[in-house]
Amino acid sequence: MSSATEHAHPALAHHFENLEVQKESATLGMWAFLVQEVLFFGAFFTVYTVHRNLYYKVFEASSHHLDWKLGAFNTAVLICSSLTMALAVHAAAEGKRGAIVAWLLATVVLGSAFLGVKVVEYHQKWVDQLIPGLRWGSIEHVGHELHLSGSDVDHAQLYFSLYFGMTGLHALHMIIGIPIILWLARRAWRGDFGPVYSTPVELTGLYWHFVDIVWIFLFPLLYLVGHH
Amino acid sequence: MGDRHDHVVPARVYVAVFAALMVLTAITVWASGQDFGPMNTAVALAIAITKATLVVLFFMHVKYGTPLIKASVIAAVVWLGFLVVITMSDYRSRGWLSPNPKKAPYQLEDR
């Protein structure tokens, strides 16, 4: 049964017997959210699979227009941010207040760097007139950019719609995640987290790692189609 | 039970997983420069699945999680499989019963 100190813990909700039961419930709830997130992104991946099989050459030519070096750099940045997030959770479990704050802030810096590179890439698509529905160049211009001709040029809109849809939804997840991590850093600085209670840090970690996994699939599927 | 909930993963495990993820990223970039014919996509996906598994098991602590958490992860993978496999089996089989298979509405391009 729960000890007197746990009952006194301000984070313990009245309907839970103790912090351990509360954490188990919260973790399962977070996983339920992540399972539906897998299917949310899964719809995009399914649409991608259908059209990549239909228009493989168009997808290959369009993919070659992306800068795989920027994609690889961002993959490395995001993996680094997953490490710093994992180390923040680790620091919380060990009750090292300064280390939690430092690792969380490092995660924010790396996440922001990722989004900065994304801005550079999106801007390049704007310059190259490769944004379907917003700034899509003439058939001659896009055909020249992508080394495509005829109806293939129109089909390239499918690839770039998926590119912006998938990387945009992924970036939105990071834009939501960064303020949450900043909020955690503030709470960690106040001394809210330690070996007894660090559930918010752990659950935000799960969310952040999930976002990393989505990118792990987006990188080869968008940047590395076909033989380079 | 107690061991599972009180488990603190040593920091060196995280660093080792991080190193493996970086090496696998380098391998996937290298592999995209090789000509494996139609196998390029399969190689890229196999590497991505390996990386995702490492993240789920260690960074996301599923290796040390309760059976219910493990079941949730498996459910996500199985349902994603339903989504992709059933959708593709529909598209791929269209036109099989058509009197003129050459006019099948969905056909794979040559790789």
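Residues numbered from 1 in each chain as written. Chains lettered and ligands numbered in written order. Predicted model: local features only at pLDDT ≥ 70, side-chain atom pairs only at ≥ 80, totals over all residues.

## Observations concerning the overall build of chain B
For step 1, the next point in the chain: Each helix and strand counted, chain B has four helices and zero strands in total.
For step 2, the next point in the chain: In sequence order, chain B lays out its α and β elements as α-α-α-α.
For step 3, the next point in the chain: Per-residue burial over chain B gives 19% buried out of 111 residues.
For step 4, the next point in the chain: The long-range fraction of contacts in chain B, counting pairs at least 24 apart against all pairs at least 6 apart in sequence, stands at 39%. (Helix = DSSP H or I, 4+ residues; strand = E, 2+ residues; numbered from the N terminus. Buried ≥ 20, exposed ≤ 12 C-beta atoms within 10 Å, placed from the backbone. Contact = placed C-beta atoms within 7 Å.)

## Structural notes on the overall build of chain A
For step 1, the next point in the chain: Check the secondary structure of chain A and you find eight helices and two strands.
For step 2, the next point in the chain: Along its sequence from the N terminus, chain A presents helices and strands in the succession α-α-α-α-α-β-β-α-α-α.
For step 3, the next point in the chain: In terms of overall dimensions, chain A has C-alpha extents of about 75 × 30 × 30 Å along its principal axes.
For step 4, the next point in the chain: Relative to its 228 residues, chain A shows a buried fraction of 39%.
For step 5, the next point in the chain: Put simply, 74% of the contacts in chain A that link residues at least 6 apart link residues at least 24 apart.

## Examining the domain arrangement of chain B
For step 1, the next point in the chain: Taken domain by domain, chain B comprises domain 1 (1-65) and domain 2 (67-111).
For step 2, the next point in the chain: Among the residues forming the side of domain 1 of chain B that touches domain 2 of chain B, the class breakdown is three nonpolar, two polar and no charged. (Domains from an automatic or database assignment. Nonpolar A, V, L, I, M, F, W, Y, C, P; charged D, E, K, R; others polar.)

## A word on helix H7 (residues 151-190) of chain A
For step 1, the next point in the chain: The first and last C-alpha atoms of H7(A) sit 60 Å apart over 40 residues, in line with the 58 Å expected at 1.5 Å per residue.
For step 2, the next point in the chain: Two residues or fewer past H7(A), Gly191(A) is found with a positive phi of approximately 90°. (Expected span 1.5 Å × (residues − 1).)

## A word on the nonpolar core
All names here are of chain A.
For step 1, the next point in the chain: Ranked by size, the top nonpolar core spans 78 residues in total, and within it Ala88, Ile100 and Leu104 carry the most contacts.
For step 2, the next point in the chain: The leading source of residues in this core is helix H8 (residues 199-223), at 17 residues.
For step 3, the next point in the chain: Excluding its chain neighbours within four sequence positions, the residues that come into contact with alanine 88 are Ile100, Trp103, Leu104, Thr107 and Val201. (Core = buried A, V, L, I, M, F, W, Y, C linked by C-beta atoms within 7 Å.)

## Brief notes about the interface of chain B and chain A
For step 1, the next point in the chain: Taken together, the 39 residues of chain B in the interface contact 40 residues of chain A.
For step 2, the next point in the chain: Those elements that place two or more of their residues in the side of chain B that touches chain A are helix H2 (11-32), helix H3 (39-59) and helix H4 (67-93) of chain B.
For step 3, the next point in the chain: Residues that form the side of chain B that touches chain A fall into these classes: 26 nonpolar, nine polar and four charged.

## Points about H2(B)
For step 1, the next point in the chain: End to end, H2(B) covers 32 Å across 22 residues, agreeing with the expected 32 Å (1.5 Å per residue, within 8%).
For step 2, the next point in the chain: If you check which residues of H2(B) are buried, you get Tyr14(B), Val17(B), Phe18(B), Leu21(B), Thr25(B), Thr28(B), Val29(B) and Ser32(B). Along the long axis of H2(B), the arc covered by the buried residues comes to 115°, so they all point the same way. Away from the buried face of H2(B) by more than 90 degrees, exposed residues Arg12(B), Ala19(B), Val23(B) and Trp30(B) are located.
For step 3, the next point in the chain: Buried positions along H2(B) lie against helix H4 (68-94) and H8 of chain A together with H3 of chain B. (Arc of directions from axis to C-beta.)

## A few points about the packing of helix H5 (residues 97-127) of chain A against H7(A)
Angle between the axes and distance between the axes: these two values describe a pair of packed helices.
Residue and element names in this part refer to chain A.
For step 1, the next point in the chain: Close contact between H5 and H7 brings their axes to 9 Å; oriented N to C, the two are set at 155°. When the axis of H5 is compared with that of H7, the two are roughly antiparallel. For H5 against H7, the interelement crossing comes out left-handed. The residues of H7 that touch H5, namely those facing Arg97, Ile100, Val101, Leu104, Leu105, Thr107, Val108, Gly111, Ser112, Phe114, Leu115 and Lys118, are Thr167, Ala171, Met174, Gly177, Ile178, Ile181, Leu182, Leu184, Ala185, Ala188 and Trp189.
For step 2, the next point in the chain: When the residues that make up the contact of H5 with H7 are grouped by side-chain class, the tally is 16 nonpolar, five polar and two charged. (Axes fitted to C-alpha atoms, helices over the stretch in contact; angles between N-to-C directions. Parallel < 35°, antiparallel > 145°, perpendicular 65-115°, else oblique. Left-handed = near helix turned anticlockwise from the far one by under 90°.)

## Quick notes on the environment of Gly29(A)
Residues and elements named next belong to chain A.
For step 1, the next point in the chain: Note on placement: glycine 29 falls in helix H2 (residues 19-54).
For step 2, the next point in the chain: According to the C-beta neighbour criterion, glycine 29 is exposed, with 11 such atoms within 10 Å.
For step 3, the next point in the chain: For the pair formed by glycine 29 and leucine 203, sequence separation is 174 residues and the distance between their alpha carbons is 9.5 Å.

## Focus: unusual backbone geometry
For step 1, the next point in the chain: Here the phi dihedral of His147(A) falls at roughly 60°; this positive angle occurs in a residue that is not glycine.
For step 2, the next point in the chain: Positive phi outside glycine occurs at His61(B), with the angle close to 65°.
For step 3, the next point in the chain: Within the element layout of this structure, His61(B) appears in the loop between H3 and H4.

## Some points on the environment of Ala44(B)
For step 1, the next point in the chain: Examined against the element boundaries, Ala44(B) turns out to sit in helix H3.
For step 2, the next point in the chain: For Ala44(B) and Tyr64(B), which are 20 residues apart along the polypeptide, the C-alpha to C-alpha distance reads 28 Å.
For step 3, the next point in the chain: Residues in contact with Ala44(B), not counting those within four places in the same chain, are Pro220(A), Leu224(A), Thr28(B), Ala31(B) and Ser32(B).

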